[in-house]
Amino acid sequence: MGKVVMDTGMEPPSPVAVLRVCNGLSRREVFSSSDGSFSFMVGDRVSSMTPDASEDTRQIGPNMQGSGSDPMMLGQGAFTNPLADCELRADLTGYSSSSIRLDPSMNNSNVGVIVLHSRGKKAEGMVSVASLQVPTKARREFEKGSELLEKGNLADAEKSLRKAIDEYPKFAEAWLRLGDLEQRRKNLEGAMVNYQEAINSDPNFPLPYVRMAFLSAVTSNWEQTRKLSEKLISLDPVNFPLAYYYNGVAEFNLKHLAQAETSALRAENLDKLHSEPRVELLLASIYNAEGVPATAAEHFRLYLKLVPNGPLNERVKADLAKSEELAKSQGPAAPSVNK
């Protein structure tokens, strides 16, 4: 058991996939709950013996056992400790994860905290180009403020981040972190102001658009969510499946079903590890609205498979039952959608 937190100290914005990585093989074990906590058991589940086809179980070493065995257990048929040479990581688009090395003896089942950092993937546009020219003093204050923010010292973190901005007003990453700080304070309006300053400093910096799209969706400002997600997609159409998810949610709530379906399917296609399983709920809602309950039921079932113990499951099961009943009433000639 353990917990996933953002480097701001906040809870993740959505359920996060927890990966067990052993001997070069990556396997999704569970999704975190709404507060970031997670727990799972290794070695006694049917799912741990038969990898899902969508999971990343690429062979790195030469001795991967054949089908029917846990892909984390290497060797020629010999049982090995499923925690040997293993670590846990979290997976959320736009963030890099800290790693926790697992103790094969499991003297303590609480593994601690996995931290998701928003500034770890420089190769994927996670850093503002304008910030590459930041003076040393401003960079030092930014790093100090980021560390203080991670420790929960909001007042001192704000002082350092504002010093960084005083030194370099176009410091987009510092504005981003100030937005994260205001999110931590639950000051959503203040967070949006700071994220907009980050965009003003560097209009091609993707992360502020991700944060703003999320907050716009939280406040049901669907037109703003649509515009922000469209801008993010235009900046980076590959590395942000969440952009398509937010866009799909916005288009659905704006009653643009065709556009919503296109965006949701794109999000599903890009999100190979299903780090945002609510895409399946969005697709189910779209297909129900389009009068295709049999297809909606397929997506409800996939969500329940991805998040077997999720907080939404009772509602999802009820919605699944309604979709299945409606599909039966349509008879064998029910319309189908091929995507």
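In what follows, the structure referred to is the one given above.
Residues numbered from 1 in each chain as written. Predicted model: local features only at pLDDT ≥ 70, side-chain atom pairs only at ≥ 80, totals over all residues. Heavy atoms only, no water.

### Looking at the packing of helix 1 (residues 136-150) against helix 3 (residues 172-184)
Consideration 1: Contact pair helix 1 / helix 3: the axes reach a minimum separation of 11 Å and the direction vectors enclose 20 degrees. When the interaxial angle is binned, helix 1 and helix 3 end up roughly parallel. In this structure, the crossing between helix 1 and helix 3 has a hand that is left-handed. Of the residues in helix 3, those touching helix 1 at Arg139, Phe142, Ser146, Leu149 and Glu150 are Glu173, Ala174, Arg177, Asp180, Leu181 and Arg184. (Axes fitted to C-alpha atoms, helices over the stretch in contact; angles between N-to-C directions. Helix = DSSP H or I, 4+ residues; strand = E, 2+ residues; numbered from the N terminus. Parallel < 35°, antiparallel > 145°, perpendicular 65-115°, else oblique. Left-handed = near helix turned anticlockwise from the far one by under 90°. Contact = heavy atoms within 4.5 Å.)

### Notes on the sheet that holds strand 1 (residues 2-6)
Consideration 1: Pairing within the open sheet is mixed, and its four strands lie in the order 4-1-8-6. Edge positions in the open sheet fall to strand 4 (37-38) and strand 6 (96-97), since each of these has one partner strand only.
Consideration 2: Relative to strand 8 (residues 112-117), strand 1 runs parallel, the two sharing five bridges. Counted as the bridge partner of Val4 is Ile114 from strand 8. (Pairing = 2+ DSSP bridges.)

### Things to note about the pattern of salt bridges
Consideration 1: Counting across every chain of the model gives 16 salt bridges.
Consideration 2: A salt bridge links Glu29 to Arg20; the nearest nitrogen and oxygen atoms lie 2.5 Å apart.
Consideration 3: By relative accessible area, Glu29 is classed as buried at 6%.
Consideration 4: For Arg185, the salt bridge is made with Glu182, and the minimal N-O distance between the two is 3.1 Å.
Consideration 5: Looking at Arg185, the relative accessible area reads 35%, which means it is partly exposed.
Consideration 6: Classification of Glu182 by relative accessible area gives buried; the value is 7%.
Consideration 7: One network of salt bridges, with partners in common, ties together Glu158, Arg162, Glu182 and Arg185. (Salt bridge = Lys/Arg side-chain N within 4 Å of Asp/Glu carboxyl O. Buried < 20%, exposed > 50% of the residue type's maximum accessible area, 1.4 Å probe, protein only.)

### Re unusual backbone geometry
Consideration 1: Positive phi, close to 65 degrees, is recorded for Lys186, a residue that is not glycine.
Consideration 2: Looking at where Lys186 falls in the secondary structure, it is placed in the loop between helix 3 and helix 4 (188-201).
Consideration 3: Positive phi, close to 70 degrees, is recorded for Lys255, a residue that is not glycine.
Consideration 4: Classification of Lys255 as exposed rests on a relative accessible area of 68%.

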